[in-house]
Amino acid sequence: MEIVLLRHAQPDYGAVDDKPGFNHLAPLSAVGVEQAHAVAQHECLADAELVVSSPYTRALQTAAIVAANLALPLTVDVGFHERLADVQNVLNTADERDKSFEEYDLCRGIHTSGGAHHWESTAQQIARLKRSLGRYTAHEKIIVVTHGEVIRRFAAVRLPFCGTVQVRYDESFRFLAWS
């Protein structure tokens, strides 16, 4: 199966700045809406059969614009969400979540022995991505609208908003633990 990984368009975090822990609900900025319409014209998206989106607003809004422009069906798959700072739901403040992500980066996404890590490891990310991708293997080509950290499990790239990278996926695909 061919997968076009599409990073979501530019979000407007100002809409949720006063609501700690709700950045996943940030909508697209006006520039982001324009970016999503523009990327829908990109030739790498031609011949796709389906648009699959992360449930986060910024990704879902991007996916909806792309799907509408391409007249493709759209589905939401929670497995394509952004990495998690707090898989145990014990961190209460934005500062605690920021520190959790800093620790994730320092540990390169690997849970070390003796640590009480709150963040989702890269191994956990890969396992959820495999589960989700298993739902779409009957398709020849899909577009997955997701987040930069998720895309880095597939390819060693740091995409700009609405950047794309294509991968060929099958059961032998080797995900990247860190990039």
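Being a predicted model, the structure only gives us computed values, none of them experimental. (Residues numbered from 1 in each chain as written. Predicted model: local features only at pLDDT ≥ 70, side-chain atom pairs only at ≥ 80, totals over all residues. Heavy atoms only, no water.)

Engineer: So what exactly am I meant to see when it comes to helix H4 (residues 122–133) here?
Structural biologist: Note: α-helices contain 3.6 residues per turn, so residues at a spacing of three or four share the same orientation. The end-to-end C-alpha distance of H4 is 16 Å, a good match for the 16 Å that 12 residues give at a rise of 1.5 Å each. Along H4, the positions that sit buried rather than exposed are Thr122, Gln125, Ile126, Arg128, Leu129, Ser132 and Leu133. For H4, the angular spread of the buried residues around the axis is 165°, confining them to a single face. Turned more than 90 degrees from where H4 packs its buried face, Ala123 and Arg131 sit exposed. Residues of H4 that are buried sit in contact with strand S1 (2–7), helix H3 (94–106) and helix H5 (148–151). (Helix = DSSP H or I, 4+ residues; strand = E, 2+ residues; numbered from the N terminus. Expected span 1.5 Å × (residues − 1). Buried < 20%, exposed > 50% of the residue type's maximum accessible area, 1.4 Å probe, protein only. Arc of directions from axis to C-beta. Contact = heavy atoms within 4.5 Å.)

Engineer: Would you mind going over H3 with me for this structure?
Structural biologist: With 13 residues, H3 ought to run about 18 Å at 1.5 Å a step, and its terminal C-alpha atoms sit 18 Å apart, in line with that. Residues of H3 that are buried: Arg97, Ser100 and Tyr104. Projected down its long axis, H3 shows its buried positions confined to an angular sector of 55°, all on one face. Away from its buried face by more than 90 degrees, H3 exposes Lys99 and Leu106. In the core, the buried residues of H3 are packed alongside H4 and H5. Directly beyond the C-terminal end of H3, a positive phi value near 55° is found at Arg108.

Engineer: Help me understand the nonpolar core, please; the structure alone is not making it clear to me.
Structural biologist: As a rule of thumb, soluble globular proteins bury nonpolar side chains together. In terms of nonpolar packing, the biggest core is built from 22 residues, with Ile3, Leu5, Leu133, Ile142, Phe154 and Phe175 touching the most fellow members. Counting residues per element, the ones that place at least two in this core are S1, strand S2 (50–53), H4, strand S4 (141–146), H5 and strand S5 (164–168). Element by element, the count of residues in this core is highest for H4, at 3 residues. If we skip the residues at most four places from it in the chain, Leu133 touches Met1, Ile3, Phe80, Phe154, Tyr169 and Phe175. Formed by 20 residues, the second largest nonpolar core is a distinct cluster that contains Ala9, Ala63, Val66 and Leu72. (Core = buried A, V, L, I, M, F, W, Y, C linked by side-chain atoms within 4.5 Å.)

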